[in-house]
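Given next are the chains, with one letter for each unit.
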Amino acid sequence: MPASKQPWLIRRDYATNSNEGPWLTNPKQPLEGFSRIFGPERTPRYARTRLGLTMVADQLAKGPFSRQAAQDMLFNDRNLFGEQWRDRLAAFCRQTPLMIDLTFTITDVREACGVIARWDKTMNLDSKGAVFSHRFLDNVLANIEVITATIGQPSPDFYAKGFDVTDPVGTPAGLNTGAFLVPIALARTVNDFRWVGLPLDTTLRQSSYSPYGGKKTPIHGGASENGMFNAIDMNWRNTGYEMGSGSDDIGRESDGGASFVMVTSFTGGCVDDRSLLLGSERSGKSGWPLATGQLELYANKQWVDPPFCDDEIAGAGVRSVTELGPGGPGR
């Protein structure tokens, strides 16, 4: 594809991309008229894209971005579906105390109603109801939106309001409780928790972790297709349809998503930057014993201030040196 036919954008306010086509790089200047190979135009965007654009607009309404503001935005763990659906889902739950899941199990969902209503709409470690809501989004097949958006098709029917090209960030919106899967997904989610013995208000700190490096490090964030900007893929364990390896795997186990995260501010002189590397060489007999160090920083929303310019590197010192050879480290 010749460079002259590729999309580009130069602006003084902002440009974004959240692993999607370029059309809504900046809603004030949509990129249109390009080859379909770059993605559909004038069609719904991913939930992650829309949440990212919403958070950028929210910050700019308060003032310009700083390095710290960007860090806070990345790890605020807001959930778009939570912000759009929580109250309607809680009300629907109260209106329909008995629901049936796909196994034709009649389920009393009343306990879930309060859990949903009290959820703070984030995927922070101590947000009660975050795991339940994320599992509901799994079961309602929120990830279908990624497929329909990728191929430029209308939004799934679980939205109450369809896509409006004049409001591409705010639409589609709302929860259509008349959609076939909504009550089924809610009943199934309640049963998922009961089958594995988890409280409905369990938190990510209690049941979401990365086993990386032989440790169980609690992980905040969630799947991008489930409305998260801070993308962390997760697998449900020990349910009737995907068995874990044992009782220690009850809950959610982080599988992928954010890997290397960096925020850099160019303000003159040496750049002001922060970073995190969530994974490195595995610990063990031939691994690095500090493999999970930055993953643990991530769990606490702490960042590394890495030396970047020559004087910073010179002042940082060297902790250790490993010589690499044909036979492996030290050989």
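Everything below is about the structure shown above.
Visitor: Can you tell me about the pattern of salt bridges, naming the residues and giving the values?
Guide: All told, the structure shown has 18 salt bridges when counted by the stated rule. In this structure, Lys301 and Asp77 form a salt bridge, with 3.5 Å as the shortest nitrogen-oxygen distance. Of this pair, Lys301 sits in the loop between helix H9 (293–299) and helix H10 (310–316) while Asp77 sits in the loop between helix H2 (67–74) and helix H3 (80–95), and the two are 224 residues apart along the sequence. A salt bridge links Glu83 to Arg78; the nearest nitrogen and oxygen atoms lie 2.7 Å apart. Overall, Glu83 belongs to the partly exposed group, its relative accessible area being 34%. Via salt bridges that share partners, Arg67, Asp272, Arg274 and Asp305 belong to a single interconnected network.

Visitor: Describe the nonpolar core, naming the residues involved and giving the relevant values.
Guide: In this structure, Trp85, Phe132, Phe136, Val140, Val182 and Leu186 are the most contacted members of the largest nonpolar core, which totals 64 residues. Not counting residues within four places of it along the chain, the set of residues in contact with Leu186 comprises Leu89, Cys93, Met99, Val109, Ile116, Phe132 and Phe136.

Visitor: An account of the environment of Ala223 is needed here, citing residue identities and associated values.
Guide: Note that Ala223 resides in the loop between strand S6 (217–218) and strand S7 (232–237). A relative accessible area of 4% means that Ala223 is categorised as buried. A sequence separation of 175 residues divides Ala223 from Arg48, and the C-alpha atoms of the two residues are 9.3 Å apart. Residues within four places of Ala223 in sequence aside, it is in contact with His134, Met228, Ile232 and Asp233.

Visitor: Quick rundown of the pairing of strand S10 (residues 272–277)? Include the residues and the values.
Guide: Where strand S9 (residues 260–265) lies against S10, six bridges are found, and the strand directions are antiparallel. The residue bridging Thr264 from the neighbouring strand is Asp273, located in S10. Two successive antiparallel strands, S9 and S10, enclose a turn made up of six residues, where Gly268 displays a positive phi of approximately 100°.

Visitor: Which residues make up the packing of aromatic side chains, and what values go with them?
Guide: Summed over the entire model, instances satisfying the criterion amount to nine aromatic pairs. Ring geometry for Phe81 against Trp85: centres 4.6 Å apart, planes inclined by 45°, an arrangement best described as tilted. Of the two residues, Phe81 and Trp85 are both situated in helix H3; the distance of four residues between them amounts to about one turn of the helix. A single burial state applies to Phe81 and to Trp85, both of which are buried. Both rings, one in Trp85 and one in Tyr159, keep their centres 5.9 Å apart while their planes meet at 70°; by these two values the pair is edge-to-face. Taken as a pair, Trp85 in helix H3 and Tyr159 in strand S3 (residues 159–161) lie far apart in primary sequence, 74 residues in all.

Visitor: Let's hear about unusual backbone geometry: which residues, and what values?
Guide: If a residue is not glycine, its phi is most likely negative; likewise, a peptide bond is most likely trans. Residues Thr171 and Pro172 are joined by a peptide bond in cis, for which omega reads 0°. Looking at the secondary structure, you find Pro172 in the loop between S3 and strand S4 (173–175). Residue Arg42 is not a glycine yet carries a positive backbone phi of 60°. Within the fold, Arg42 resides in the segment before helix H1 (47–62). Here Lys121, not a glycine, exhibits a phi torsion of approximately 70°, which is positive.

Conventions adopted
- Residues numbered from 1 in each chain as written.
- Predicted model: local features only at pLDDT ≥ 70, side-chain atom pairs only at ≥ 80, totals over all residues.
- Heavy atoms only, no water.
- Salt bridge = Lys/Arg side-chain N within 4 Å of Asp/Glu carboxyl O.
- Helix = DSSP H or I, 4+ residues; strand = E, 2+ residues; numbered from the N terminus.
- Buried < 20%, exposed > 50% of the residue type's maximum accessible area, 1.4 Å probe, protein only.
- Core = buried A, V, L, I, M, F, W, Y, C linked by side-chain atoms within 4.5 Å.
- Contact = heavy atoms within 4.5 Å.
- Pairing = 2+ DSSP bridges.
- Phe/Tyr/Trp six-rings, centres within 6.5 Å; stacked < 30°, edge-to-face > 60°.

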